[in-house]
Amino acid sequence: MGIIELFLIAVGLSMDAFAVSVCKGLSMKKCTWRKASLVGAYFGVFQAGMPLIGYFLGVQFRDVITSIDHWIAFVLLGFIGANMVREAFAKGECCQEADEALDVRTMLGLAVATSIDALAVGVTFAFLKVNIVPAVCFIGVITFTLSVAGVKIGNIFGTKYQAKAELLGGIILILMGLKILFEHLGILG
């Protein structure tokens, strides 16, 4: 997997965290870089950790299902992407749960909720034999950066871009799943 594909997957995965970060920023009366960085750190660490866990789970089964690994990658990425697209068009979900609280309990819950899809991507990485350490570091840094930006954007602009971010992330993941499938089927060179 090349750097461009990894970058696109990292951006796609981070869109959930970005959307929640926008909501966090919207709910803050005073948005500081410290608060934005704290939100970014929670999301970045969990978005990096979940694929690592998924990778180690996937490695356990990689040899058994090598012949269908491209189908698994396609289904997992397609499902995650389709779910993000569906959420982008869902009405009335915008920032309902957001509040200014940055306590450990609140942030852990949000970080886990936004990184579950990254666990499935980690399983996909195991089947594709991705070099996992640079991949998860890259995902963590991208998510941290976009989450910090999301808090600031939310504080300044509100929820205008939340649904668009979810839609973009979903489309990216679906396209990456299709690319993996087509490459393994010999349709793309």
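What counts, and where the lines are drawn
- Residues numbered from 1 in each chain as written.
- Predicted model: local features only at pLDDT ≥ 70, side-chain atom pairs only at ≥ 80, totals over all residues.
- Heavy atoms only, no water.
- Helix = DSSP H or I, 4+ residues; strand = E, 2+ residues; numbered from the N terminus.
- Buried < 20%, exposed > 50% of the residue type's maximum accessible area, 1.4 Å probe, protein only.
- Contact = heavy atoms within 4.5 Å.
- Axes fitted to C-alpha atoms, helices over the stretch in contact; angles between N-to-C directions.
- Parallel < 35°, antiparallel > 145°, perpendicular 65-115°, else oblique.
- Left-handed = near helix turned anticlockwise from the far one by under 90°.
- Nonpolar A, V, L, I, M, F, W, Y, C, P; charged D, E, K, R; others polar.

Trainee: Whenever I open this one, the environment of Gly-81 confuses me. Can you help?
Mentor: Tracing the chain through its elements places Gly-81 in helix α3 (residues 69-89). Using a relative accessible area of 0% as the deciding quantity, one classes Gly-81 as buried. Spatially, the C-alpha atom of Gly-81 lies 8.5 Å from that of Leu-167, the residues being 86 residues apart in sequence. If sequence neighbours within four positions are ignored, Gly-81 has contacts with Gly-170, Leu-173 and Ile-174.

Trainee: Help me out: how do you make sense of the packing of helix α1 (residues 3-27) against helix α4 (residues 104-128) in this one?
Mentor: The description of two helices packed together rests on the angle between their axes and the distance between the axes. The geometry of α1 relative to α4 is characterised by a closest axis approach of 11 Å and an angle of 165 degrees between their N-to-C directions. Taken together, α1 and α4 sit at an angle that is classed as roughly antiparallel. With respect to the hand of their crossing, α1 and α4 are arranged in right-handed fashion. Where α1 abuts α4, its residues Leu-6, Ile-9, Leu-13, Asp-16, Ala-17, Val-20 and Lys-24 lie against Thr-106, Met-107, Leu-110, Thr-114, Asp-117, Ala-118, Val-121 and Phe-125. Of the residues assigned to the contact of α1 with α4, the class counts are 10 nonpolar, two polar and three charged.

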